[in-house]
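Breakdown of the fold
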Amino acid sequence: MAIFRPRGTNDFLPADTAKWQELEALLRTMCREYGFGEIRTPLFEETELFQRGVGETTDIVQKEMYTFTDHGGRSLTLRPENTASACRAYVEDKLYGQVQPIKLYYMGPMFRYEKPQSGRFRQFHQFGIEIFGSASPAADAEIIAFAWDLYQNRLGLKNLRLLLNSVGCPECRAAYRKALQDYFRPRYDELCETCKSRFERNPMRILDCKSAENQEIAKDAPLITDYLCDDCRAHFQQVKAMLDAADIPYELDPRLVRGLDYYTKTAFEIQVATIGAQSAVCGGGRYDGLIKEIGGESTPGVGFALGMERVFSALAAQGSDIETEDQLDVYLVVAGSAASAAAFRLADQLRRAGLTCEMDYADKSFKAQLKAANRLQADWAVIIGEDELKSGAATVKNMGDGSQESVPLERVKQYLLEK
Ligand code: ATP
Ligand code: MG
């Protein structure tokens, strides 16, 4: 074969997509229970949306975007995440005019030019929820509770860690920013090139750098939590109190700074220890500055995004898997063209009655067809040969225990439905 799929992308085959559909169904069910409605935004947006909404100093904008110029000379970018688009839609589609808060969810492919490795792809899938228009700590707590409920209860994952921090607001960060620069200044020359550029523009981002040397340099850096203003401190206190009340265990991590510029106050991440380096299954927090940043009225927001591929790797690493119910109800075993026509008619009836049904189109031998029924894990084989046609009754075989019964053709549907 001469043509391959692009690096860092995947083909999902029916055995995989069956599991994806189960996960998607679980997420949609939870969204209904928690009161989130789905939003679907374009897979590409004006590049400027992400430059402003994700932030010029982030890894995403600096090195990971798929940006192209279209035939009309516009700069467009495949979405690397969905929060900026959801905020754009909030402004553009005037969701601020509806009863607040607005609770949205999304899921679908995102695109980032990253070094492909286990758990890290160039096209991957995120699910996320957002609450717009509420500054209440209860909104932060609801977002975190949703994520925790999903991983802990619905997916039953073990070795979960919920890391929690507050990254303050632009006011408290001004003093913190200065403290960080004072800390890094003497070792400026040792920082990686990217972090040198961050020193002036966004020194907090240096704490988020993946390089081991930088992490070593940053290990005694001042902590944001020592610089929170009264408002941010009280907000953080209330988020913690609500999580305590819901028995959601969190670990305070004052070094957790999310990878995006627009976060304010609450930041959190959920990790699953067992999946190695790419252990972050979900990240989120509050972003009160984002909607204004992209041109709307100042509006608070809070949300999270999770990587769906990492849900599957976490489940696999813990030896559990998402159950799918895609086994076959009925395989029709036929001999001869007259029987084929009768079976075709029966297949149509069975399918319309909601049963899954397959039949042979390749004139395979009787034995080969029964083998196929076995391989497809059919619950029932319905055999229609010449004898059966003559007597007007099919042989219905229970593939589980091998027992069989003769059932009039026009009663087969009813018989199977009753079973
Ligand atoms: P990381 O630190 O792993 O690069 P991030 O800070 O870039 O994560 P976010 O932008 O917050 O991640 O995205 C939320 C979630 O999306 C992550 O926790 C992760 O589960 C998933 N994710 C991010 N990038 C990728 C990728 N390239 N491939 C697969 N999943 C990803
Ligand atoms: Mg990243």
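Refer to the structure printed above.
Computed from a predicted structure; not experimentally measured.

1. Quick notes on unusual backbone geometry
Cis geometry marks the peptide bond from Gln100 to Pro101; its omega dihedral reads -5 degrees. Relative to the helices and strands, Pro101 is located in the loop between α4 (83-92) and β5 (102-111). The phi dihedral of Asn159 is positive, around 55 degrees, even though this residue is not glycine. Within the element layout of this structure, Asn159 appears in the loop between α5 (137-154) and β7 (160-166).

2. Things to note about α5
Along its 18 residues, α5 runs 24 Å from first to last C-alpha, staying within 8% of the 26 Å computed at 1.5 Å per residue. Among the residues of α5, those classed as buried are Pro137, Ala139, Asp140, Ala141, Ile143, Ile144, Phe146, Ala147, Trp148, Asp149, Leu150 and Tyr151. Between the side-chain oxygen at the start of α5 and the backbone nitrogen of Ala138 there is a gap of 2.9 Å, and the oxygen is on Ser136. Once α5 finishes, Gly156 follows within two positions and takes phi at roughly 65 degrees, a positive value.

3. Considerations on the environment of Ala314
Residue placement: Ala314 occurs in helix α11 (residues 308-317). For Ala314, a relative accessible area of 0% gives the class buried. In the structure, Ala314 is positioned 38 residues away from Gly276 in sequence and 9.5 Å away in space, judged by C-alpha atoms. Ala314 has contacts with Leu157, Val272 and Ile275, leaving out every residue within four places of it along the chain.

4. What to know about the packing of helix α1 (residues 14-34) against α5
Two quantities define a packed helix pair, namely the angle between the axes and the distance from one axis to the other. Remark: α1 packs on α5, axes separated minimally by 12 Å, with the N-to-C direction vectors making an angle of 140 degrees. Relative to α5, the element α1 lies oblique. Where α1 crosses over α5, the handedness of that crossing is right-handed. The segment α1 lies against α5, with Leu26, Leu27, Met30, Cys31, Glu33 and Tyr34 engaging Glu142, Ala145, Phe146, Asp149, Leu150 and Arg154.

5. Describing the pairing of strand β4 (residues 75-78)
In this sheet, β4 lies alongside strand β2 (residues 44-46) in antiparallel orientation, the contact comprising three bridges. Its bridge partner lying in β4, Glu46 is registered against Leu76. Hairpin connection of strand β3 (residues 67-69) to β4: five residues between the antiparallel strands, including Gly73 at a positive phi of 80 degrees.

6. A closer look at the pattern of salt bridges
Applying the stated criterion across every chain, the model contains 27 salt bridges. The residue Glu33 makes a salt bridge to Arg154 at a minimum N-O spacing of 2.9 Å. Of this pair, Glu33 sits in helix α1 while Arg154 sits in helix α5, placing them 121 residues apart in sequence. Look at Arg154 and you get partly exposed, because its relative accessible area is 33%. Residue Arg286 is joined to Asp288 by a salt bridge in which the shortest nitrogen-to-oxygen separation is 2.9 Å.

7. Structural notes on the environment of Ala305
When you line up the elements, Ala305 lands in strand β11 (residues 301-307). Judged by relative accessible area, Ala305 falls into the buried class, the value being 18%. Taking the C-alpha atoms as reference, Ala305 lies 14 Å from Cys31; in sequence the two are 274 residues apart. Beyond its immediate stretch of four places on either side in the chain, Ala305 contacts Tyr106, Gln126, Phe127, Gly128, Cys282 and Gly283.

Here is what the cut-offs are and how they apply
- Residues numbered from 1 in each chain as written.
- Chains lettered and ligands numbered in written order.
- Predicted model: local features only at pLDDT ≥ 70, side-chain atom pairs only at ≥ 80, totals over all residues.
- Heavy atoms only, no water.
- Helix = DSSP H or I, 4+ residues; strand = E, 2+ residues; numbered from the N terminus.
- Expected span 1.5 Å × (residues − 1).
- Buried < 20%, exposed > 50% of the residue type's maximum accessible area, 1.4 Å probe, protein only.
- Polar contact = N/O pair within 3.5 Å; in protein donor to acceptor, adjacent residues only side chain to side chain.
- Contact = heavy atoms within 4.5 Å.
- Axes fitted to C-alpha atoms, helices over the stretch in contact; angles between N-to-C directions.
- Parallel < 35°, antiparallel > 145°, perpendicular 65-115°, else oblique.
- Left-handed = near helix turned anticlockwise from the far one by under 90°.
- Pairing = 2+ DSSP bridges.
- Salt bridge = Lys/Arg side-chain N within 4 Å of Asp/Glu carboxyl O.

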